[in-house]
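Examining the three-dimensional arrangement
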Amino acid sequence: MVTVSASAPGKLMLFGEHAVLYGYPCIVTSVDLRIRVSTKITDTRRVTIRAKGLREPYTLTVEEFSHTRSLPNEVRFVATAITKFWEHAKEKFGIEVVSESEFSESYGLGSSSAVTVATIKCLSEITNLALDLRGIFDLSYETVLDVQGGYASGFDVAAATYGGTLYYVNEGKVIDLLETDELPLVVAYSGLKASTVEYVRKVKEIFEKQPRVAEFIMKHISVLVEDAKVALAERDYSRLGMLMNLNQSDLNALGVSTYELDLLIYAARLNGAYGAKISGAGGGDCIIALVSNEKRLAVEKALEEVGVKGAKVIKVRTSAEGVRIEGRI
Ligand code: MEV
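These figures come from a predicted structure and were not determined experimentally.

Turning our attention to the overall build of the protein. Counting secondary structure elements, the protein contains ten helices and twelve strands. The C-alpha radius of gyration of the protein comes to 20 Å, within 12% of the 20 Å expected for a compact globule of 329 residues. The principal-axis extent of the C-alpha atoms belonging to the protein is close to 60 × 45 × 35 Å. Looking at the protein as a whole, 55% of its 329 residues qualify as buried. For the protein, the share of sequence-separated contacts (at least 6 apart) that also reach a separation of at least 24 residues comes to 72%. If you sum the accessible surface of the protein, you get close to 14,400 Å²; carbon and sulfur atoms cover 50% of it.

All residues in the neighbourhood of the ligand are listed as E17, H18, V20, L21, A152, S153, F155, T196, V200, G280 and A281. S153 is positioned such that a nitrogen or oxygen atom in its side chain is 2.6 Å from an oxygen atom of the ligand. Burial of the ligand by the protein amounts to 94% of the accessible area it has alone, namely 300 Å². Tallied by class, the residues present in the shell around the ligand amount to six nonpolar, four polar and one charged.

This brings us to the packing of helix α6 (residues 196-209) against helix α7 (residues 211-233). The N-to-C vectors of α6 and α7 enclose an angle of 125°; their axes lie 5 Å apart at closest approach. Considered as vectors, α6 and α7 are oriented oblique to each other. From α6, V203, I206, F207, E208 and K209 reach across to α7, where they touch P211, A214, E215 and M218. Considering only residue class, the contact of α6 with α7 consists of six nonpolar, no polar and three charged.

Here we take up α7. Between its terminal C-alpha atoms α7 stretches 33 Å, which fits the 33 Å expected from 23 residues at 1.5 Å a residue. Along α7, the residues classified as buried are A214, I217, M218, I221, S222, L224, V225, A228, A231 and L232. In the segment just after α7, R235 is the residue with positive phi, at about 55°.

What follows is about the nonpolar core. A general feature of soluble globular proteins is that nonpolar side chains tend to end up buried together. Judged by nonpolar contacts, the single largest core of 113 residues is most densely connected at F15, I27, I49, F65, I82, L240 and L303. It is α7 that provides the largest number of residues to this core, a total of nine residues. With residues near it in sequence (within four places) discarded, L303 still touches V186, A188, L264, A267, A268, I287, A311 and V313.

Let's shift gears to the pairing of strand β10 (residues 286-290). Every regular strand shows the same layout, with side chains that alternate between the two sheet faces. Within β10, five of the five residues are buried, which leaves the element mostly enclosed by the surrounding structure. Neither face of β10 is open: one carries C286, I288 and L290, the other I287 and A289, and all of them are buried. As judged from the five bridges shared by strand β9 (residues 275-279) and β10, these two strands associate in the antiparallel manner. Among the inter-strand pairings, A276 is bridged to a residue of β10, identified as A289.

The next point concerns unusual backbone geometry. A positive phi angle, close to 55°, is found at R45, a residue other than glycine. For R45, the position within the fold is in the loop between β2 (25-42) and β3 (46-50). For R45, a relative accessible area of 36% gives the class partly exposed. Phi angles above zero are rare outside glycine, and R235 is one such case at about 55°. Here R235 is to be found in the loop between α7 and α8 (237-253).

Overall, antiparallel pairing links the four strands, which are arranged β9-β10-β8-β11 in an open sheet. Two strands lie at the open edges of the sheet, namely β9 and β11 (312-314), each paired on one side alone. Mean inter-strand twist for the sheet, computed between neighbouring axes without regard to direction, equals 30°. Sheet topology note: the strand β8 (residues 185-189)/β10 ladder contains five bridges and is antiparallel. Within β10, the residue paired with V187 across the bridge is I288.

Side chains that differ in sign of charge can pair as their charged atoms come close. According to the stated counting rule, one finds 16 salt bridges in the structure shown. Here E63 makes a salt bridge to R45, at a shortest N to O gap of 3.1 Å. Here R45 lies in the loop between β2 and β3 and E63 lies in helix α1 (residues 62-67), a separation of 18 residues in the sequence. We note a salt bridge from K204 to E208, for which the minimum N-O separation is 3.7 Å. With K204 and E208 both in helix α6 and four residues apart, the pair spans about one turn of that helix. Judged by relative accessible area, which is 38%, K204 ranks as partly exposed. Because the salt bridges share partners, they merge into one network encompassing K84, E142 and D146.

Calculation notes
Residues numbered from 1 in each chain as written. Predicted model: local features only at pLDDT ≥ 70, side-chain atom pairs only at ≥ 80, totals over all residues. Heavy atoms only, no water. Helix = DSSP H or I, 4+ residues; strand = E, 2+ residues; numbered from the N terminus. Rg over C-alpha atoms; globule rule 2.2 N^0.38 Å. Buried < 20%, exposed > 50% of the residue type's maximum accessible area, 1.4 Å probe, protein only. Contact = heavy atoms within 4.5 Å. Areas by Shrake-Rupley, 256 points an atom, 1.4 Å probe, with all protein chains shown as cover. Near = heavy atom within 4 Å. Polar contact = N/O pair within 3.5 Å; in protein donor to acceptor, adjacent residues only side chain to side chain. Nonpolar A, V, L, I, M, F, W, Y, C, P; charged D, E, K, R; others polar. Axes fitted to C-alpha atoms, helices over the stretch in contact; angles between N-to-C directions. Parallel < 35°, antiparallel > 145°, perpendicular 65-115°, else oblique. Expected span 1.5 Å × (residues − 1). Core = buried A, V, L, I, M, F, W, Y, C linked by side-chain atoms within 4.5 Å. Pairing = 2+ DSSP bridges. Salt bridge = Lys/Arg side-chain N within 4 Å of Asp/Glu carboxyl O.

Pasting the structure below:
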């Protein structure tokens, strides 16, 4: 039996988190930390999944798997991707899946969407269904929505599928590849894994209690996203940094930044970054700072030394390649 492997990149939200869930655009870049998935169709009519964090492989017959309602966290995305793919292919087949990651899922760099996209890519290849990128995005996004109960714009799925730096509108209504160079970013993990759902709910509450104000903030963010698109095209990093700071002010207004995240952001700014902000839902995960070559070391040092427990700089390169086949043996 053939084994097909594929990998997909993680992501960083550059501009427009939260606003994207309310129909406004965002800008996301994929990063060169990847998740790799290998798949093999078996004639045993069993589904077997091996993943980090599982003490032993998760294995069920195809029939048991079709009816199970309780999936362990470690396999939820891969397992749901398999079910979605079966529905699409109108055929249930036994399969072995192994996933490996180059980064910790705590970082909030999109490990769930990357593992989903890599799984769908493998299945599409191994069954010769040859889904195009839009087909991979659509099935992967359905999977993520199912697992996360509807709280997902799909920007991370788009980054894992298409790669590069994207201008993105909720539910994949627009997915435009932007012409950019690799961005001079410093990324720092805040030491705390954030709950996206909790922070999405927090913003929803503001919307319910202060709809006019919340709408105003979201519109403001969307203006920043449009200007950032221009600044990216012009490689105008000083302007892009200013736009990052403005976007961060809006995220502060929405109450999704924290003391620790703000400490990191100010450490970056005070040490010469063009600008800095959180990347993602808030509450933890990573911050990003845009820097010149001359300031990079000083900013990295400041982030490591500012005294946020567990904080560390993560080396990544932006605008990485989207999902790709790694091998077929
Ligand atoms: C989370 O990384 C970004 C949010 O906009 C949620 C989403 O777009 O799915 C808060």
